[in-house]
Amino acid sequence: QVQLVESGGGLVQPGGSLRLSCVASGFGFSGSIMNWYRQAPGKERELVASITSAGGIINYADSVKGRFTASRDNAKNTLYLQMNSLKPEDTAVYYCSAGGPRPSYWGQGTQVTVSS
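Bear in mind the structure is a predicted one, so any value in this text is a computation, not a measurement.

Student: Honestly, the pattern of salt bridges in this entry has me stumped. Any pointers?
Tutor: Side chains that differ in sign of charge can pair as their charged atoms come close. Here the structure, examined in full by the defined rule, presents 4 salt bridges. R38 is the salt-bridge partner of D90, the closest N and O atoms lying 2.9 Å from each other. Residue D90 is found in the loop between β8 (78-83) and β9 (92-98), and its partner R38 is found in strand β4 (residues 34-39); the two are separated by 52 residues along the sequence. Neither D90 nor R38 differs from the other in exposure class; each is buried. Two residues, K65 and D62, come together in a salt bridge whose shortest N-O distance is 3.0 Å. Exposure class is identical for K65 and D62. Each is exposed. Through salt bridges with shared partners, a single ionic network connects R38, E46, R67 and D90.

Student: Help me understand the state of the cysteines, please; the structure alone is not making it clear to me.
Tutor: Linking two cysteines covalently via their sulfur atoms produces the bond known as a disulfide. Tallied over the entire structure, the rule returns 1 disulfide. Sulfur-sulfur distance for the disulfide between C22 and C96 comes to 1.9 Å. Linking C22 in strand β3 (residues 18-25) with C96 in strand β9, this pair joins segments that are 74 residues apart in sequence. In this structure C96 comes out as buried when scored by relative accessible area, which is 0%.

Rules used throughout
Residues numbered from 1 in each chain as written. Predicted model: local features only at pLDDT ≥ 70, side-chain atom pairs only at ≥ 80, totals over all residues. Heavy atoms only, no water. Salt bridge = Lys/Arg side-chain N within 4 Å of Asp/Glu carboxyl O. Helix = DSSP H or I, 4+ residues; strand = E, 2+ residues; numbered from the N terminus. Buried < 20%, exposed > 50% of the residue type's maximum accessible area, 1.4 Å probe, protein only. Disulfide = S-S within 2.5 Å.

Purely geometric stuff here, so don't read any function into it on its own.
Shown next, in the form of structure tokens:
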């Protein structure tokens, strides 16, 4: 059974930082492209970052370049998203997903709220 379980979301003030984690099981994590997506209220889901099986970055959304860093630990079957200099417009539900360019598996999401 495939599982992607995100954690690390929460409420943070503008300018703050959060680190999201996504623990994967039930499929070949170490050989899979992994992604972070987000969906803000009333908006379509957007790709935030994609990372190759070896940890190379495929791309970041322009809106997060220089602030967010995606990484992975294949020994722990875990995907990370370090988010710095957070802005109110980063408020969204963040999802991890497996596979590319069209993901096959999705997590349930974790809420990130940036507000003072």
